[in-house]
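# Summary of the model geometry
Take a look at the letters that make up each chain.
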Amino acid sequence: MDENAQKTLDRALEQLSEWKASFGEWEQDDSLSVSEKKEQEVFARLVQRLKCNFPFHHPVYAGQMLKPPHPLTWAAYAMAMSINPNNHALDGGPPSSEMEKEVLADLAHFFGYGEEFLGHLTASGTIANLEALWVARESHPDKKIAFSENSHYTHHRMCGVLRVEGIKVPLKDDGSFDLDATDPQEMGTIVVTLGTTGLGEVEPLDQILPWAKKHGIRIHIDAAYGGFFRTLKDSGIIDGTCWKLMEEADSIVVDPHKHGLQPYGCGCVLFKDPTVGKFYKHDSPYTYFTSEDLHLGEISLECSRAGAAAVALWATLQLFPLEEEEGFGPVLKKCLQAAQNMYELISTSEKLKAYKKPELDILGYFPAEAETTSEISEKSKAVFDAGMREQSFYLSLYKIPAGTFTQLHPEYNVDSDQVTILRSVFMKPEQKAFVKELLQRIEKAI
Ligand SMILES: *Cc1c(COP(=O)(O)O)cnc(C)c1O
């Protein structure tokens, strides 16, 4: 945490402790006290344990989808957590529940939904998608849910949990959905991913939307990863077509704990039609007694949820509005540019080749000097290991079916079912400048 955020947190905690003390003097019970020696000893061990992490905070880390929360976000989270409100019901945290509703209204507005919508924060993108698919099943109980092979594996898995049949829509070479290979009559909902987890691909909502409307099929957008890139829909630096159509979807998932500067424990699901609230209807005798207002627990599959997550996101959106020119836009623009810079640098490299041009901030690439797909895999793994061993860079590995790979790179001989390539997720704006150094380090390792 930087010095300013630390001061902000100290000041805010002090002000909160005045409020806590205003209820009268009290002391923590002896049974909860710990000797200073023991406290220090445990925390010293804890520091050692935590240092075994990879440096997620640093630009050298360009591996998985891990983004440091903003220091002021943790300050807000820590402050709220010292009270520990529960956003299950209004009683559990009136201000944090209010803030959750405000944040949801901001996000719904951001995605183009009207005043009337339904939605709430969740523990994760997985839970948010589970709810969206559950509503999909309840809306069309006898129909199937479709998703592409590039969609997150959670959709297939959650169809199993929900005991609804999931079908994979094949993709054509250009990334469009092969809709002719499906039977629209049997489909209730189709999942469209804006920003796939693998390589940040934007699935063709513009192609699917008119077809789905014609056949009365619902659309669920999984924008767990990509959602915040909508800030750039009019910027001209990404193709805004699909991002502009998001408001047409029946439900949307976005993960503030991915690109939203939040700590883990913050997903979000939104439904365009608020009447889907009927599926959640229940009558708990013990939770709701103080207010006629909507209780978030009435429209959520989860019960207890961290009020601090809502507070942190609320504070973040006050500090970083969902705008192209201010707040999120400039941050995401730099992440995109990091991937584009790396792509361009690699195109002049003799040692590396890019798998394909990145649509967002995720890039796939591989050591060029190889004859066969299995050689590419071996060399990619060796580079991946070397970076970690020397602690000089951190990448991830990504597997692609060999047939898909050679469509773009026919010069390599196929001698394996899959090809493992290197993958970098550039979620930190600092990486825009750092990729040059990163590439040098990777080349050196090769
Ligand atoms: C990350 C991700 C998920 C799963 O979300 P979690 O927050 O990890 O549970 C689902 N879909 C997509 C597209 C994702 O990127």
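Nothing here was measured: the structure is a model prediction, and the numbers come from that model. (Residues numbered from 1 in each chain as written. Predicted model: local features only at pLDDT ≥ 70, side-chain atom pairs only at ≥ 80, totals over all residues. Heavy atoms only, no water.)

## Some remarks on the pattern of salt bridges
Once their charged atoms are close, side chains differing in charge can pair, the charge on each being opposite to the other. Applying the stated criterion across every chain yields a total of 14 salt bridges. In this structure, the salt-bridge partner of E138 is R137, at a minimum N-O distance of 2.7 Å. A relative accessible area of 28% means that E138 is categorised as partly exposed. Its salt-bridge partner being K233, residue D234 comes within 3.3 Å of it at the nearest N-O pair. Accessibility expressed as a relative area gives 23% for K233, which makes it partly exposed. (Salt bridge = Lys/Arg side-chain N within 4 Å of Asp/Glu carboxyl O. Buried < 20%, exposed > 50% of the residue type's maximum accessible area, 1.4 Å probe, protein only.)

## A short note on the layout of surface pockets
For the largest pocket, the calculated volume is near 1200 Å³. Around the largest pocket sit 41 residues that line it, and N150, L171, T196, E201 and Y398 are the ones nearest its centre. Those elements that provide at least two residues to the lining of the largest pocket are α8 (241–244), β10 (396–401) and α13 (402–408). Here the lining of the largest pocket takes four residues from β10, the largest share from any one element. Of the residues contributing to the lining of the largest pocket, the split by class is 15 nonpolar, 14 polar and twelve charged. (1 Å grid on protein atoms, 1.4 Å probe; cavity = no way out; pocket = protein on both sides within 12 Å on 5 of 7 lines; lining within 4 Å. Points joined across faces, edges and corners; volume = space filled by probe spheres on them. Helix = DSSP H or I, 4+ residues; strand = E, 2+ residues; numbered from the N terminus. Nonpolar A, V, L, I, M, F, W, Y, C, P; charged D, E, K, R; others polar.)

## As for the domain arrangement of the protein
With domains assigned, the protein is organised as domain 1 (90–280 + 293–319) and domain 2 (333–445). Computed from C-alpha coordinates alone, the two centres of domain 1 and domain 2 are separated by 29 Å. The partner domain 2 presents 17 residues to the 18 residues of domain 1 that form the contact. Buried surface at the junction of domain 1 and domain 2, summed over both partners, amounts to about 1500 Å²; 64% is from carbon and sulfur atoms. Per-residue buried area on domain 1 facing domain 2 is highest for L199, Y225 and I237; these three make up 37% of the total on that side. The interface formed by domain 1 and domain 2 includes one salt bridge. Note that E201 is salt-bridged to K356, the shortest N-O span being 2.5 Å. (Domains from an automatic or database assignment. Contact = heavy atoms within 4.5 Å. Buried area = accessible area lost by both parts, 1.4 Å probe.)

## Details of the side chain of S235
Looking at where S235 falls in the secondary structure, it is placed in the loop between β5 (218–223) and α8. Overall, S235 belongs to the buried group, its relative accessible area being 18%. A polar contact is formed between the side chain of S235 and the backbone oxygen of L232, at a distance of 2.7 Å. There is a polar contact of 3.2 Å between the side chain of S235 and the backbone nitrogen of I237. (Polar contact = N/O pair within 3.5 Å; in protein donor to acceptor, adjacent residues only side chain to side chain.)

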